[in-house]
Amino acid sequence: MDRDPMSHSKKWILTMTGNSLKLRMAVAPPSYCFVAFPPRAKDGLVVFGKNSARPRDEVQEVMYFSAADHEPESKVECTYISIDQVPRTHAIVISRPAWLWGAEMGANEHGVCIANEAINAREPAAETEALLGMDLVRLGLERGTTAKEALDVIVALLEEHGQGGNYYEDADSCHSFQSAYLIVDREEAWVLETVGKYWAAEQITEGVKCICNQLSLTTKIDAEHPELRSYAQSQGWWTGEDEFNFSQVFSLADDHLDCCAGKDSLEKKEESITVQTMIDILRDKASGVCIDSESFLTTASVVSVLPQNRSSPCIHYFTGTPDPSRSIFKPFIFVDDVKLVPKAQSPCFGDNDPAKKEPRFLEKPDRRHELYKAHEWARAVIESDQEQGRKLRKTMLELEKQGLEAMEEILTSSDPLDPTEVGDLFYDCVDTEIKFFK
């Protein structure tokens, strides 16, 4: 049997140009998500991390939304479509491309973290506007109090509304993808992989796990769409006689490849995995985990620490800026009175936003926030001036280290957390970073 010429991370699309046909490649951005459980992770902590690879010039913002009650029969306007709202949504903190409603990654007040991956599969992703994988990340966080509950929310919405639409702010072509998710809480994680409305999921409670821009589930499937296997058979992708291997059945190529770069990075760590270990992995350009290519850049990163001891708070470190190797991971803790951080939020264009008007994306407004602009200066210095750049990076890492040490004290302290001390934690860190760059 001939090998399928399409690789896992890209698909070929035929487009008409004048009278000639040409092949256009839609590449799934090479993001990586990780989770490590005790005892591989240190001190009874679950450690979660994600690098978000996106188009190079895209801006991500860090947004906090408080818990809210909603009127009966009210709607929520997602990136492309409106759906029924639920009576109550949880408090969330998310990192998202500034033009859309959903999230690349984030956490909620109950210690649930979700990140997603754009993937290609045998079934082409729908270009019709529906829910984006990133919308489903946010909806899972707003509506799920555990990882399993968030998974149930996502697959129910997938069944009801489907997934589809442009993943990029691009008027020239539609880049649509299927989605995979890493959904984590203090006790377990679920890897959820979707193809259209069909899905499979694996539960993880120990060791380490990495997902990237390829299907990864094989024969260990702990939950699945009731018609998953019959659909695969109806398409001629599975005989029904061989063992059902999800990624072999639904991937584009005959031979399924593993997300080796990220997996190796995590599994090769002999010592216990800490926040610092996860940050170092996300900064690693040599392994390919930190992408900096012609098309893509790691535009934002997150690391979360979820203590299995429920008396300790979960801590979420966001960069809010591109390239983690040149960014500062800044801590956030959920309390009742979180101070909003306008300097890490992009300008709001309301109904005049070209992403909200049809035809979409006819213009690209300047979505840079204050933190992004300040960080642009820092990146330029690091790239151009070796001596000043080295000094600048050293000072940035010292700033970050102070934050990590302060958070370590909170985690190891037997005293209860004082909400007034951490409500403006992320705000202060962003403020300090901007002042330092000026």
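Use the structure listed above.
Since the model is a prediction, treat every value here as computed from it, not as a measurement.

Draft legend 1. Main features of the overall build of the chain. Along the backbone of the chain there are 10 helices and 20 strands. For a compact globule of 438 residues, the expected C-alpha radius of gyration is about 22 Å, and the chain comes in at 21 Å, within 12% of that figure. If one aligns the C-alpha atoms of the chain with their principal axes, the spans along those axes are about 60 × 50 × 50 Å. When the 438 residues of the chain are sorted by exposure, 57% land in the buried category. At a minimum sequence separation of 6, the contacts of the chain that also span at least 24 residues come to 68%. For the chain, the computed accessible surface area is about 19000 Å², with 47% contributed by carbon and sulfur atoms.

Draft legend 2. How the structure looks around helix α8 (residues 386–412). Here α8 contains 27 residues, and its C-alpha end-to-end distance of 38 Å stays within 8% of the 39 Å for a straight helix at 1.5 Å per residue. Of all the positions in α8, only Gly 389, Leu 392, Met 396, Glu 400, Gly 403, Leu 404, Met 407 and Leu 411 are classed as buried. Its side-chain oxygen at 3.2 Å from the backbone nitrogen of Glu 387, Asp 385 defines the N-terminal cap of α8.

Draft legend 3. Here's a closer look at the nonpolar core. Core analysis: the biggest nonpolar cluster contains 88 residues, and Phe 34, Leu 182, Val 184, Phe 244, Phe 246 and Phe 250 have the highest contact counts within it. Residues within four places of Val 184 in sequence aside, it is in contact with Val 35, Val 46, Phe 48, Gly 111, Val 112, Cys 113, Ala 147, Ala 189 and Leu 306. With 46 residues, the next largest nonpolar core counts Val 76, Leu 151, Leu 157 and Trp 190 among its residues.

Draft legend 4. Inspection of the environment of Thr 79 at higher detail. Locating Thr 79 in the fold gives a position in the loop between β7 (75–77) and β8 (82–84). Between the C-alpha atoms of Thr 79 and Lys 263, which are 184 residues apart in sequence, the distance is 32 Å. With residues up to four places along the chain from it excluded, the contact list for Thr 79 reads Trp 99, Leu 100, Trp 101, Gly 102, Leu 132 and Asp 135. Separated by 3.1 Å, the side chain of Thr 79 and the backbone nitrogen of Trp 101 make a polar contact. Of note is the side chain of Thr 79, whose polar atom sits 2.6 Å from the side chain of Asp 135.

What counts and what doesn't
Residues numbered from 1 in each chain as written. Predicted model: local features only at pLDDT ≥ 70, side-chain atom pairs only at ≥ 80, totals over all residues. Heavy atoms only, no water. Helix = DSSP H or I, 4+ residues; strand = E, 2+ residues; numbered from the N terminus. Rg over C-alpha atoms; globule rule 2.2 N^0.38 Å. Buried < 20%, exposed > 50% of the residue type's maximum accessible area, 1.4 Å probe, protein only. Contact = heavy atoms within 4.5 Å. Areas by Shrake-Rupley, 256 points an atom, 1.4 Å probe, with all protein chains shown as cover. Expected span 1.5 Å × (residues − 1). Polar contact = N/O pair within 3.5 Å; in protein donor to acceptor, adjacent residues only side chain to side chain. Core = buried A, V, L, I, M, F, W, Y, C linked by side-chain atoms within 4.5 Å.

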